[in-house]
Amino acid sequence: MNLDKFDLAILRVLQENARASLNDIGAAVGLSSTPCWNRIKRMEAAGVIRGYTVDIDPASLGFMDTVIVHVTLESHSEETLYEFGRALAQIPEVLEAFLVSGDYDYYIRIAVRDTRDYERLLREQLYRIPGIRHSKSCFVLRRLKETMLPLNGPAG
């Protein structure tokens, strides 16, 4: 999908505040409400806008620690990769999982209450997934940067 400067401006506004009204979006990008609505609907239909979410602070719900887990699998068959991904999807504490190149097969970001909670998660869930050869865990000490997509110019 080709995005013009208005589409990118709309995406910037929505990325900062997905609850912005059509009037506010229109005022910010220099369009009236109807063209904004049409552009938003077009971007939703094309899959550019995948959904609208709430950004919840994990610590406010008791998830005080984030762990990055590096995992190497025994096999790289399609079935093993599929089953591993399916198993990860069943663990609510898993926030993100990436199949990566390099020394490990996966980087997994997990939210836990504390080290004891992480130890429980390892024993009861992660290490019960068949096919894990090796894993390494790194506790996040501090988040240095969290950002949105840089929507500064025409896509392409």
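Please read these numbers as outputs of a predicted model, since none were measured by experiment.

How each quantity is defined
- Residues numbered from 1 in each chain as written.
- Predicted model: local features only at pLDDT ≥ 70, side-chain atom pairs only at ≥ 80, totals over all residues.
- Heavy atoms only, no water.
- Buried < 20%, exposed > 50% of the residue type's maximum accessible area, 1.4 Å probe, protein only.
- Helix = DSSP H or I, 4+ residues; strand = E, 2+ residues; numbered from the N terminus.
- Arc of directions from axis to C-beta.
- Contact = heavy atoms within 4.5 Å.
- UniProt positions renumbered as here; feature names shortened; annotations may be inferred.
- Salt bridge = Lys/Arg side-chain N within 4 Å of Asp/Glu carboxyl O.

Quick notes on helix H2 (residues 22-29)
At step 1: Three or more residues of H2 are buried, namely Ile 25, Gly 26 and Val 29. Buried residues of H2 fall within an arc of 100° about the axis and therefore sit on the same side. Counted as exposed and oriented over 90 degrees from the buried face of H2: Asn 23, Ala 27 and Ala 28.
At step 2: On its buried face, H2 is in contact with helix H1 (5-16) and helix H3 (33-45).
At step 3: Of the residues flanking the end of H2, it is Gly 30, one or two places downstream, whose phi is positive at about 85°.

Digging into the UniProt feature "domain: HTH asnC-type" (unreviewed entry) in the protein
At step 1: Mapped onto this numbering, the UniProt entry gives "domain: HTH asnC-type" (unreviewed entry) at residues 3-64.
At step 2: Secondary structure over residues 3-64 splits into 53% helix and 0% strand, and the C-alpha atoms at its two ends are 39 Å apart.

With respect to the pattern of salt bridges
At step 1: Taken as a whole and assessed by the stated rule, the structure comprises 12 salt bridges.
At step 2: Note that Glu 93 and Arg 120 form a salt bridge whose closest N and O atoms lie 3.2 Å from each other. With Glu 93 in the loop between helix H4 (78-89) and strand E2 (94-99) and Arg 120 in helix H5 (residues 115-124), this pair connects stretches of sequence that are 27 residues apart.
At step 3: A salt bridge links Arg 120 to Glu 124; its shortest N-O distance comes to 3.6 Å. In this pair, Arg 120 and Glu 124 both sit in helix H5, four residues apart, roughly one turn of the helix.
At step 4: Taking the relative accessible area as the measure of exposure, Arg 120 reaches 21% and is therefore partly exposed.
At step 5: Through salt bridges with shared partners, a single ionic network connects Asp 4, Asp 7, Arg 39 and Arg 42.

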